[in-house]
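Notes for the structure review
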Amino acid sequence: MKKILTAAIAATLALGSMGVASAAEAQSRGNYEQRQDRRDDRRDDRRDERRDDRSDRREDRRDDRRDNRADRREWRQDNRDDRREFRQDQRAYGRWQQSQRRYNAGRYYAPRGYQQRDWSYGQRMPSYYRSNQYVVNDYSRYGLRAPPRGYHYVRSGNDVVLAAIAGGLITAVIAGLFN
């Protein structure tokens, strides 16, 4: 009888522990499922946030592109203005100008075989005029601007001509600078 009683107690304890284990398992399974649900909810929230962030980023990128377009337009406009100013500066030499003041520079002698003549823009000065006798080196004394690189002033009669050093191509004529 003792054996049966011991066996009964052991069986009760065994079944009881199984019940506790199964209850614990059920509880842990429930917690697991609840945790999974919570994780899924968080993931969904994160996805929604990411979508919102993406759409915000897209809008930001679009705004940036619009800003960049405006900057590019402004840059182009500035470039155009710079080119326009450069062209105006180049034209400041003027193709033909009447001198405001007359200077005494001594008597003029034309090169042998040449007569005094009126030069105009685009013509070429003969090589005789490129000698030091006709080149005006003290241009500031006569109220002239410094010639651009590759050019010099040449006296021809009472006029001064801005011509290329290499080919003699006339860029500007200042009429009546000398008496």
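So, a few notes on the structure that sits alongside this text. (Residues numbered from 1 in each chain as written. Predicted model: local features only at pLDDT ≥ 70, side-chain atom pairs only at ≥ 80, totals over all residues. Heavy atoms only, no water.)

Quick word on the overall build of the protein chain
As a reminder, the rule being used: What counts as a helix is a DSSP run of H or I of at least four residues, what counts as a strand is a run of E of at least two, and both are numbered from the N terminus. Only protein chains enter the calculation, and the probe is 1.4 Å; a residue is then buried if its accessible area is under 20% of its type maximum, exposed if over 50%, and partly exposed in between. By the convention used here, residues are in contact when the closest approach between their heavy atoms is within 4.5 Å. Each accessible area is a Shrake-Rupley result for a 1.4 Å probe, and residues are judged covered by the shown protein chains and nothing else.
Counting its regular elements, the protein chain contains one helix and five strands. Going from the N terminus to the C terminus, the protein chain shows its helices and strands as α-β-β-β-β-β. Relative to its full complement of 179 residues, the protein chain shows a buried share of 20%. Pairs at least 24 apart in sequence give 53% of the contacts found in the protein chain among residues at least 6 apart. With the model as given, the accessible surface of the protein chain reaches about 14200 Å², and the carbon-plus-sulfur share is 46%.

Structural notes on the packing of aromatic side chains
Short version of the rule: Here the aromatic set is Phe, Tyr and Trp, taking the six-membered ring for Trp, and pairing holds for ring centres within 6.5 Å; pairs whose planes are under 30 degrees apart are stacked, those over 60 apart are edge-to-face, and all others are tilted. Placement of a charge over a ring requires the Lys NZ or Arg CZ to be within 6 Å of the ring centre, with the centre-to-atom vector within 35 degrees of the ring normal.
Counted under the stated rule, the structure contains four aromatic pairs. Relative to F178, the ring of Y142 has its centre 5.0 Å away and its plane inclined at 80°; by these criteria the two rings are edge-to-face. In this pair, Y142 is assigned in the loop between β2 (135-136) and β3 (151-156) and F178 in the segment after β5 (170-175), connecting sequence segments 36 residues apart. Each of the two residues, Y142 as well as F178, counts as buried. Each member of the aromatic cluster is reached from another via a ring pair, and the members are W119, Y129 and Y134. The positively charged end of R155 is found above the aromatic ring belonging to F178, 4.5 Å away from the centroid.

Describing the pattern of salt bridges
Note the cut-off: A pair is scored as a salt bridge if a Lys or Arg side-chain nitrogen falls within 4 Å of a carboxyl oxygen belonging to Asp or Glu.
Inspection of the entire model under this criterion finds one salt bridge. Here R141 and D138 are joined by a salt bridge, their closest N and O atoms 3.2 Å apart. The exposure class of R141 is exposed, given its relative accessible area of 53%. Residue D138 is classed as partly exposed on the basis of its relative accessible area of 32%.

Side note on the nonpolar core
The tendency in soluble globular proteins is for nonpolar side chains to be buried as a group. The condition that has to hold: Take the buried Ala, Val, Leu, Ile, Met, Phe, Trp, Tyr and Cys residues and link them wherever side-chain atoms come within 4.5 Å; each set so joined is a nonpolar core.
Y103, V136, Y142, L144, Y153, V160, L162, A172, I174, L177 and F178 together form the largest nonpolar core, which totals 11 residues. Looking at this core, the elements that each hand over two or more residues are β4 (159-164) and β5. In terms of nonpolar packing, the next biggest core, distinct from the first, is built from 10 residues, Y108, Y129, V154 and V173 among them.

Some remarks on the environment of H152
In this fold, H152 is placed in strand β3. Using a relative accessible area of 12% as the deciding quantity, one classes H152 as buried. In this structure, the C-alpha to C-alpha distance between H152 and I165, residues 13 residues apart in sequence, is 6.3 Å. Not counting residues within four places of it along the chain, the set of residues in contact with H152 comprises R130, V135, P147, V161, L162, A163, A164 and I165.

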